[in-house]
Amino acid sequence: MARMGLCLPVLALIGACSSGAREVIEDVSSPPFDGGETDGRIVDGGSADGGTADAGPGDVWTPRDSGHFEPLGCPEEQGTQKTLREKAEYFDTVGQKWHVPQGQPLWFSVQLKEDLETFDRIDLSDNVGTWTSLYAASQAFRYAVTKSPESLDNLRRVVKGLRDMERITGVRGLLTRAYINPALPGFPSAEQLKANYPDCDLSVKHCKRYNEVNEGEFAGWWFKNDVSKDEYAAHMFAYAVIWEIVDDTEVRRLVAESVTAIGDHLVDNELWITDMDGRVTTFGHMNAMGFDDYSGFNAVLSLSWLKLAAVVGGEKYDDYYKICLLQQNGRRDCVHDEEPMPYTYYLDTIGLNLKCKTNWNNHNMAQLSMYHLLRFEDDAVLLADYRKALRDQMWEPDDPYPMRDQQKTLYSFFYFVNKDPADPWPDEAARQAMCTMKTFPEHKAHYAVDNFAKYTQVCLDRSDEPLTDVVIPVYERGMDNCVWLNNPYRMEKEDAYPQIVESPEDYLLAYWMGRFFGFITEEM
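Residues numbered from 1 in each chain as written. Predicted model: local features only at pLDDT ≥ 70, side-chain atom pairs only at ≥ 80, totals over all residues. Heavy atoms only, no water.

A. Representation of the overall build of the protein chain in the model. Looking only at helices and strands, the protein chain has 14 helices and 15 strands in total. A buried classification covers 60% of the 524 residues belonging to the protein chain. Of the accessible surface of the protein chain, which amounts to about 19,800 Å², a share of 49% is contributed by carbon and sulfur atoms. (Helix = DSSP H or I, 4+ residues; strand = E, 2+ residues; numbered from the N terminus. Buried < 20%, exposed > 50% of the residue type's maximum accessible area, 1.4 Å probe, protein only. Areas by Shrake-Rupley, 256 points an atom, 1.4 Å probe, with all protein chains shown as cover.)

Set out below in structure tokens:
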């Protein structure tokens, strides 16, 4: 049974790569800087919320300035034959050719026919919503930079697909992992979907399976239940990026509908993602003391999602964020069986730095969530707490595998734009971020990989896969949907399979974000 939100009566009563140059940046993630050490930085000031807090659902508004960072450089690395811009153009083109199949607005990896040009069938994944969300964010940045009709058309299409990932479940605010129209060419048939998970009987116990829709606009379609917090982190990140920088009324309306529905689901179910059977999903405990993950990890995700809901939806969600999650009005029992504590209390236990046993997927969720938590927070004390967690827990912790050294361009960009302005500019990480973009493969087909001869195994990861102790360059790793999510120390051996082509949301998101903030120029 769905849990009732104990905090609701209370809320009703209250009503309430660098060439040596430093960055030149407007501090777009904080109130105007009022003095102190800036490490050679020029700060022009700027709005803390960019006007977002007052923008109603679907409103058109002028987004804040992107920041004017100096372009990054990696002069010692020649890179691929294609320039950064040419790779983005190629990935944007094949994205529409292959990865958003005609008839369904979601983003898939695919298998091609033997000509290596013609779409054959989708590669169905549990995380279709994640890949689609990251692609949506890439097109939001692209549209903000170029104002191209094509990028806006792409964005409108996939945002509608993301919105339908909630609407198809029949439970407001509940996302699906994926939905399928079996009538589309290249998609699994109804018989194939039905044959998956044969032991799952939701009347007996909670489990994961494909479910047929029997009536309404989605009749004949199938969706997969038991959604994970992975999908929510990616959806809410994409919605936050869109809300901040995209001025299209229709897109903003869809985003507002999704964000407020998700906000209601979280508030009404006391931070439990509650499935169609009334039970919490396997990875759906979002309260800090949910015991399915580190308390600080759940806290970061829940804080960011409710903060976004507050920015988009207003008072109800703002009250829950401040009164329940932050306990700003004194002790409030909002989550059943959880001792009321400000969720900032847990920020030193995010659990992302466990040496060889680190969960790199959790890194991704925390990175996506912290990005917009920092973008939208305008309270100076909270902002300092969040920036400290970003630096000490997510960027340069006391761990042999700090994110600072992992050469993950996207997360490096997240850090650069949201770090404390008084902290030193990370020259080496900035150089590595650009080197990774320059050497990023020009095509995402599966090529042969064998790095056991070159690298030495030092330990096993949480799945007993061998790890080395140096970052394996992006062009020496096995191909996957989103390389930023993956463990860059994992040793792999794989034969070439050029017909399998992974979706390129990873490169596109980093590239267009880099263009938006000035790290990458059009000439690069």
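B. Fine view of unusual backbone geometry. You will see that Glu270, though not glycine, has its phi angle at about 50°, which is positive. Along the chain, the position of Glu270 falls in the loop between helix H7 (249-268) and strand S8 (272-274). By relative accessible area, Glu270 is classed as buried at 3%. Of note, the phi angle at Gln327 is positive, near 55°, even though the residue is not glycine. Tracing the chain through its elements places Gln327 in the loop between helix H9 (315-325) and helix H10 (360-376).

C. Spatial organisation of helix H12 (residues 409-418). For H12, the tally of buried residues reaches 10 of 10 residues, placing the bulk of the element in the interior. Within H12, burial applies to Thr409, Leu410, Tyr411, Ser412, Phe413, Phe414, Tyr415, Phe416, Val417 and Asn418. As for H12, its buried residues are in contact with helix H6 (229-245), H10, helix H11 (380-395), helix H13 (427-439) and helix H14 (505-517). (Contact = heavy atoms within 4.5 Å.)

D. Inspection of the pairing of strand S9 (residues 280-285) at higher detail. Pairing between S8 and S9: two bridges, direction antiparallel. Bridge pairing in S9 links Trp272 to His285. In this structure, the hairpin formed by S8 and S9 is closed by a connection of five residues, where Gly278 is found at a positive phi of approximately 85°. (Pairing = 2+ DSSP bridges.)

E. Just the packing of aromatic side chains, in detail. Counted under the stated rule, the structure contains 35 aromatic pairs. Residues Phe237 and Phe414 carry aromatic rings whose centres are separated by 5.6 Å and whose planes lie at 50° to one another, so their mutual orientation is tilted. Residue Phe237 is found in helix H6, and its partner Phe414 is found in helix H12; the two are separated by 177 residues along the sequence. Phe237 gets classed as buried once you look at its relative accessible area, which sits at 0%. Aromatic side chains Tyr411 and Phe414 sit 6.1 Å apart centroid to centroid with 40° between the ring planes, which places their arrangement in the tilted category. Taken together, the residues span about one helical turn, with Tyr411 and Phe414 both in helix H12 at a distance of three residues. (Phe/Tyr/Trp six-rings, centres within 6.5 Å; stacked < 30°, edge-to-face > 60°.)

F. Quick look at the confidence of the model for the protein chain. Averaged over all residues, the pLDDT of the protein chain equals 87, while 87% of them reach at least 70. The low-confidence segment residues 1-64, where pLDDT is below 50, has 167 contacts with residues more than four positions distant or belonging to other chains. (pLDDT = per-residue confidence, 0-100.)

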